[in-house]
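Now for the letters of each chain:
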Amino acid sequence: MIITKKNYLNKEQIKKFLEDKDRYSLFINGKWGVGKTYLWKEIENEISNTKKDFELNKVKLNFFSHLKYLYEFIILIVKFLIKYFSYCEFIKQEDESLRVIYISLFGKEHYKEILEEITLNSYKYNKLVYFLRNLTFWKISIGSLFQFFIKQDFKNIIVCFDDLERKSDKLNIKDLLGLINNLKEGKCKVILIGDDSKLNNKKIFDNYKEKCIDLEITIDSRLEVVLQIAKEKCPQINTKLLPCTLLNGIKNLRQLNKILSAFNYFHEELHFKEKLVENPDCKDFLVYVFEVIVEKIDSIYTISSELLEFKHLFTKIIEEIIKDYFNNATYLISNRMREAFNSEFDNYQLYIYRTNFIQIFSNLIQTNVFNENDKEKINEILQYIADKNKIDDFIDLSKIGIVDFFALTYIFDLHNNQAVIEIKKKYIRKFYGNFSHVELLLKMEQNKNDDLLEEFNKMVEHFDNHLNEYFQNEHKTLTQEIIDDVKNYYNFYNVAKSINATKDKTLYKNLKKQ
């Protein structure tokens, strides 16, 4: 048996196995969720889309003209079954195209269940045969006869067994592997998909696997599968533009294909390739466009969903283009949309800084490492945002919550920087609805600043009497005792759990003493 690790994994390798005249069994191994079935279904779809229709020879039985007695009727039925199964009434594939029989092993208790399902799916009139399998003739089950016809020509049939680790404990693993071996002898291609580390009888499986499995592929990462499919569906798109983290979260093949279709549409209509050649620095801008496409179609952002209410105008333009493409079958982007896109494209520097800022923030959460280079970069980014009057754009595009921003600037000792204070003021205006939380944040020793408190008080004063009364009632719950207890960001996180902030507590745990 040949074992192939992830570095060599691709669809072409599996396709070559299907064409191989010497090997007939393949085991696709990997943990749950890495994309084993996902990869196989993609290949299966390609096979289904290219194969020709199967033809079935007509059965020339005019038994109604000879029907005189019930006995004769039964005899004719039996003869029909014999002819149907034994005398070349089996589905013919004159073009020798492949046909796939997919069987989930989930809950299967006996190999005969599997054998029967294979036989049923091997014939064109599945429903008829499925009904007849429960009939008995002279106390002999017709269903039990199916196994005698399993030796038909299987050379152009692929049998895929999925969910190996979810089979019933009653199904003997040796019987299953024996069935695979028998199918191999009939020149049938067999795909086995599962996670062998979850098998209760793994030792037995390993011992017998060597005898009946010709090739094993181990998938360690779902992203490998997703990127492989993306490269095939979008060959003209530079892989550097693909938002790998978001694509890795997609669990539905149909959704992935829909996203990749949108990628191709935007890439071609808005000339991404030409823009990237003319200005390589615009990469982060183009990546952001793809991120929004994924968010719109699959809604898999890991950032708090409440933050998505503050959509940037450009995000709405992208969403409108997607809506026209999928809902209205609009295959050409309007001039108005193109102008809006190109206008935003001129601000690509903002998207570079957005990417850098998010990367620094993510690395900080994961490593808890603070360095001067990051501090200088953060200062450069925030100064640019303030100077170019891009504060609103930055908040909407970065999707960094108010607490995260305050904590991050405190870590890098930038909380008294004038540009940072201006950005914090804008955060206060955007998140004023969380009145008590914002007030609690501003009264922390680490965030005390007269300009920020003044901005907060202005926001409160601008509300009408009804809202002021609401705020006053809410304010009563924010006692001095609570304020005194919040000595660091970790305390704040526990008190204000509903604040728009990252779900990852790591940052705040690292800030216990700060």
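Structure: above.
Each value, and the rule that gives it
- Residues numbered from 1 in each chain as written.
- Predicted model: local features only at pLDDT ≥ 70, side-chain atom pairs only at ≥ 80, totals over all residues.
- Heavy atoms only, no water.
- Helix = DSSP H or I, 4+ residues; strand = E, 2+ residues; numbered from the N terminus.
- Buried < 20%, exposed > 50% of the residue type's maximum accessible area, 1.4 Å probe, protein only.
- Axes fitted to C-alpha atoms, helices over the stretch in contact; angles between N-to-C directions.
- Parallel < 35°, antiparallel > 145°, perpendicular 65-115°, else oblique.
- Contact = heavy atoms within 4.5 Å.
- Nonpolar A, V, L, I, M, F, W, Y, C, P; charged D, E, K, R; others polar.
- Salt bridge = Lys/Arg side-chain N within 4 Å of Asp/Glu carboxyl O.
- Phe/Tyr/Trp six-rings, centres within 6.5 Å; stacked < 30°, edge-to-face > 60°.
- Lys NZ or Arg CZ within 6 Å of the ring centre and 35° of its normal.
- Core = buried A, V, L, I, M, F, W, Y, C linked by side-chain atoms within 4.5 Å.

Below, the discussion takes up unusual backbone geometry. Both trends apply: most residues other than glycine have a negative phi, and most peptide bonds are in trans. Its identity as a non-glycine residue notwithstanding, Lys-187 has a phi of 65 degrees, on the positive side. Take Lys-187: it is sitting in the loop between α7 (173-185) and β7 (189-194). Relative accessible area serves as the criterion here: at 44%, Lys-187 is assigned to the partly exposed category. One non-glycine residue with positive phi stands out, namely Asn-389, at about 55 degrees. Mapped onto the secondary structure, Asn-389 falls in the loop between α17 (372-387) and α18 (391-398). The class for Asn-389 is exposed, based on a relative accessible area of 64%.

One can describe the packing of helix α13 (residues 283-298) onto helix α16 (residues 348-367) by two numbers: an axis separation of 8 Å at closest approach and a directional angle of 75 degrees. For the element pair α13 / α16, the angle class is roughly perpendicular. When α13 is examined against α16, the residues Asp-284, Phe-285, Tyr-288 and Glu-291 are found in contact with a partner set consisting of Tyr-348, Tyr-351, Ile-352, Arg-354 and Thr-355. Residues belonging to the contact of α13 with α16 are distributed by class as follows: 5 nonpolar, 1 polar and 3 charged.

Time to look at the environment of Gly-107. Within the element layout of this structure, Gly-107 appears in the loop between β3 (99-104) and α4 (111-121). A relative accessible area of 38% means that Gly-107 is categorised as partly exposed. Along the primary structure Gly-107 and Asp-169 are separated by 62 residues, whereas in three dimensions their C-alpha atoms are 8.6 Å apart. In this structure, Gly-107 is in contact with Arg-166, Lys-167 and Ser-168, ignoring residues within four places of it in sequence.

Within the structure shown, the criterion is met by 22 salt bridges. In this structure, the salt-bridge partner of Lys-108 is Glu-117, at a minimum N-O distance of 3.5 Å. Lys-108 gets classed as buried once you look at its relative accessible area, which sits at 12%. The exposure class assigned to Glu-117 is partly exposed, which follows from its relative accessible area of 25%. Close ionic contact of Arg-166 with Asp-163 constitutes a salt bridge, the shortest N to O distance being 3.9 Å. Take Arg-166: its relative accessible area is 41%, and that puts it in the partly exposed class.

Let us look at the packing of aromatic side chains. What the rule picks out here adds up to 19 aromatic pairs. Here the aromatic rings of Tyr-288 and Tyr-351 are separated by 5.2 Å at their centres, their planes lie at 50 degrees, and the arrangement is tilted. Taken together, the residues span a long stretch of sequence, with Tyr-288 in helix α13 and Tyr-351 in helix α16 at a distance of 63 residues. By the burial criterion, Tyr-288 is buried, and Tyr-351 matches it. Of the aromatic side chains, those joined through ring pairs into one cluster are Phe-263, Phe-272, Phe-285, Tyr-288, Phe-290, Phe-314, Phe-341, Phe-345, Tyr-348 and Tyr-351. In this structure, Lys-189 packs its charged tip against the face of Phe-17, placed 4.5 Å from the ring centre.

Counting residues in hydrophobic clusters, the biggest one holds 110 residues, and the most contacted among them are Trp-40, Ile-191, Phe-263, Phe-266, Ile-293 and Phe-405. Here this core gets 10 residues from one element, more than from any other, and that element is α13. Not counting residues up to four positions away in its chain, the partners in contact with Ile-293 are Ile-259, Ala-262, Phe-263, Phe-266, Ile-318 and Ile-322. In this structure, Ile-101, Ile-157, Leu-176 and Ile-180 belong to the second largest nonpolar core, which totals 25 residues.

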